[in-house]
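Reading the structure
Listed here are the chains, written in short residue letters.
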Amino acid sequence: MQAFTTLTGLVAPLDRVNVDTDQIIPKQFLKTIKRTGLREGLFYDWRKRKDGSQDPDFFLNQPRYKHASILLTRDNFGCGSSREHAPWALLDQGFRSVIAPSFADIFYNNCFQNGILPVVLKADEVQALFKGASKEGCQLTVDLAAQTVTAPDGTKYRFDIDPFRKDCLYRGLDAIGLSLQHALAIAAYEKRRLSDAPWLFTDLAR
Amino acid sequence: MAAQTLFEKIWDAHIVHTEPDGTTLLYVDRQLVHEVTSPQAFESLKLAGRKPRRPGATLAVPDHNVPTTDRKLGIADPVSAKQIQTLEENCRDFGITIFGMNDARQGIVHVIGPEQGFTLPGMTIVCGDSHTSTHGAFGALAFGIGTSEVEHVLATQCLIQTRPRTMEIRVDGKLSDHCSAKDVILAIIGRIGTAGGTGYVIEYTGSVIRGLTMEGRMTLCNMSIEAGARAGMVAPDEKTAAYIKGRPMAPAGDLFDRAVKAWRDLPTDPGAKYDLTIELNAEQIAPQVTWGTSPGMVTGVDGKVPDPKAMSDEKSRKAAERALEYMGLTPNTPMTQINIDKVFIGSCTNSRIEDLRLAASFAKGKKVAQSVHAMVVPGSGLVKHQAEQEGLDKIFRDAGFEWREAGCSMCLAMNADVLQPGERCASTSNRNFEGRQGAGGRTHLVSPIMAVAAAVEGHFVDIRHWK
Ligand code: SF4
């Protein structure tokens, strides 16, 4: 996984609440068996007008946001389906950080698995960032070590993050590798449970 | 020992290791796998040269992408076919049990787990699918995960987790006739909102929940994710044990008796504290219908489409305006005056045998309106078989419903079952998001009997007064 330290980049505003993963990447793009190439599916239905042509008003169709790497949005972003295709598609488009007042649980987790930093700020702070983001070329700096987002005027917004998650993302650690370091503890756990609750271990034979 | 909640007991029993900040390596007893969210997990596992730690703890089934028409014809879409074939190959390569597309036991992953006795109280159960919360009906801690985590569980039988908070939702009183678990959960989401449960595991308690059948409890827990919760659960009781007994993958004989004894210790101790408690009075719950593009945009069938202008909060107003535009609805329209084009009875929320029995009892002797296309998609091959044994298929067919093969079907419309732009559907599924059932499609979530009545009348009706 790609480590996340500091990111300075263009911000793209998506002013909607409850953006669900069906919207982030519709089902027809879930038939893939790969993690890459999902950019064309990102916000697919919203990018087009009813007649199928590209909607020039949709934010990601505007040249000014083409190279945006920070997505700014509203409450409950990423709700709905657990599809990891959602962060894969965001990553494929170039987003490395998403800022919102709240995220759905599974999406939030999925971001960390893919080197994307989801940042939770207070609603009024997000509102202030939205104001600034209307200016063309607005850039933010997201600093994971300091746990801050810096606006163009120098205002710093602090965010919380679990220390363990922070460390894994900052160093780009392989989560499975980390867990495998506890292989002995896992085996000991299984041994104990097997004697206490053997019905949990009636494994399926193929 | 201090009084503990059901959740706390299960959580504590599954801790393998704790980091200084409280992050937990949690043991996972069982995993369910389907074709859509697993290929990349298996691929990475292969690339890293890793093997599943306990292949026998995992059960796989294709469900999202399978056709619900005659399976002998195969899958017309080569991309879907490839995904299903990939699942079969991965299961073969890694020694994982799979119910293939033509297996009589194939079905929606959250229907077959309980049906097979794979889902047991006190377990931790995961699946790369948000509606894994369904299995919480058995007093299991069950939640959806992403593909990287699917791989993590395959490789380690564990997950790295932060401890959620606990919420009790107590529903007391008496549910009115023809109101079901579906109406209860929609009313709950209407009350707490689609992010109301974020960061929490919900335990449903109260006389109404105790009175629900196992299948009703599954419907309830299924939509916990629509309230934003990581999981939903109901304490196991004698109903739970009776449901599990004798199922193919359930423990048998002495082992079953021992398990039942242990399950009796699982319910929340008297005096245990939840971080938050919410109470609902069942008497106030009318049959529910959603009007918008999020499950929290819901009202009683005796209500009206809301007027965004009357909403004081700007965010809600904007969201409601947008939703009504998408749904093609006018403020203040009575819900019973909304005409529909399609009806879908199915999905992991409402496709079990009791759902079909009840729906059939209302469809009996009736005819689907000329203007409506209606279909019934059983949750599994075994549910379908059982329904056919009982003659339910004939009742549905005679009434003008299509009777399909088992699968997710038009719940997410990944296969050929899709709404056309602008089409309006009464659906027993769980999500009314924009485009969920097809780009431009308009979904109203309802219970199975509300769906039947809507199919017959061509518009929503208050099932409490329907003859
Ligand atoms: S029936 Fe619908 S909600 Fe359930 S698993 Fe299938 S697609 Fe997901």
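Residues numbered from 1 in each chain as written. Chains lettered and ligands numbered in written order. Predicted model: local features only at pLDDT ≥ 70, side-chain atom pairs only at ≥ 80, totals over all residues. Heavy atoms only, no water.

Comments concerning the nonpolar core
Proteins that are soluble and globular tend to have nonpolar side chains buried together. In terms of nonpolar packing, the biggest core is built from 112 residues, with A:Phe43, A:Phe77 and B:Phe401 touching the most fellow members. If you tally residues by element for this core, the top one is helix α15 (residues 448–457) of chain B, at eight residues. Excluding anything up to four places from it in sequence, B:Phe401 contacts B:Val343, B:Ile345, B:Ala363, B:Val368, B:Ala374, B:Met375, B:Val376, B:Phe396, B:Val452 and B:Ala455. Residues B:Val208, B:Ile209, B:Met233 and B:Val234 belong to the second largest nonpolar core, which totals 98 residues. (Core = buried A, V, L, I, M, F, W, Y, C linked by side-chain atoms within 4.5 Å. Buried < 20%, exposed > 50% of the residue type's maximum accessible area, 1.4 Å probe, protein only. Helix = DSSP H or I, 4+ residues; strand = E, 2+ residues; numbered from the N terminus. Contact = heavy atoms within 4.5 Å.)

Considering the interface of chain B and chain A
Listed by partner, the interface residues are 87 residues for chain B and 61 residues for chain A. Summed over both sides, the interface between chain B and chain A buries roughly 6000 Å², with carbon and sulfur atoms accounting for 54% of that surface. Our enumeration of links across chain B and chain A arrives at ten salt bridges. A salt bridge links B:Glu151 to A:Arg35, with the shortest nitrogen-to-oxygen separation between them at 3.7 Å. Between the two partners, chain B and chain A, sit 36 residue pairs in polar contact (both at pLDDT 80 or more). (Buried area = accessible area lost by both parts, 1.4 Å probe. Salt bridge = Lys/Arg side-chain N within 4 Å of Asp/Glu carboxyl O. Polar contact = N/O pair within 3.5 Å; in protein donor to acceptor, adjacent residues only side chain to side chain.)

A word on the pattern of salt bridges
Here the structure, examined in full by the defined rule, presents 39 salt bridges over all chains. The partner of A:Lys31 in a salt bridge is B:Asp77, and the shortest N-O contact between them spans 2.7 Å. With A:Lys31 in the loop between α1 (21–24) and α2 (44–47) and B:Asp77 in the loop between β4 (58–60) and α3 (78–94), this residue pair bridges two chains. Its relative accessible area of 27% is what places B:Asp77 among the partly exposed residues. B:Arg170 is paired through a salt bridge with B:Glu279; the nearest N and O atoms lie 2.9 Å apart. Here the residue B:Arg170 occupies a position in strand β9 (residues 165–172), and B:Glu279 occupies one in strand β12 (residues 276–281), the gap between them amounting to 109 residues. In this structure B:Arg170 comes out as partly exposed when scored by relative accessible area, which is 25%.

Quick word on the layout of surface pockets
Gaps left between atoms show up when a probe the size of a water molecule is rolled over them. Its boundaries defined by the atoms lining it, the largest pocket holds a volume of some 1400 Å³. A:Tyr108, A:Asn109, A:Phe112, A:Gln113 and A:Arg165 are the residues nearest the centre of the largest pocket, which is lined by 48 residues in total. Counting residues per element, the ones that place at least two in the lining of the largest pocket are α4 (105–112), α6 (163–171) and α7 (175–180) of chain A together with α2 (39–47), α5 (147–156) and β8 (158–161) of chain B. Residue composition of the lining of the largest pocket, grouped by class: 23 nonpolar, 13 polar and twelve charged. By volume, the second largest pocket amounts to about 710 Å³. Residue lining of the second largest pocket: 19 residues in total, with A:Asp45, A:Lys48, A:Lys50, B:Tyr326 and B:Glu434 positioned closest to the centre. Sorting the residues of the lining of the second largest pocket by element identifies α2 of chain A together with α11 (314–327) of chain B as the ones contributing at least two each. The residue inventory of the lining of the second largest pocket, partitioned by class, reads five nonpolar, four polar and ten charged. (1 Å grid on protein atoms, 1.4 Å probe; cavity = no way out; pocket = protein on both sides within 12 Å on 5 of 7 lines; lining within 4 Å. Points joined across faces, edges and corners; volume = space filled by probe spheres on them. Nonpolar A, V, L, I, M, F, W, Y, C, P; charged D, E, K, R; others polar.)

Re empty space enclosed by the protein
Residues and elements named next belong to chain B. Tallied over the full model, the rule gives four cavities of 30 Å³ or more. Estimates place the volume of the largest cavity at around 220 Å³. Lining the largest cavity are 25 residues; nearest its centre among them are His64, Asp129, His131, Leu412 and Arg436. Tallied by class, residues from the lining of the largest cavity come to eight nonpolar, twelve polar and five charged. What the second largest cavity holds in volume is close to 180 Å³.

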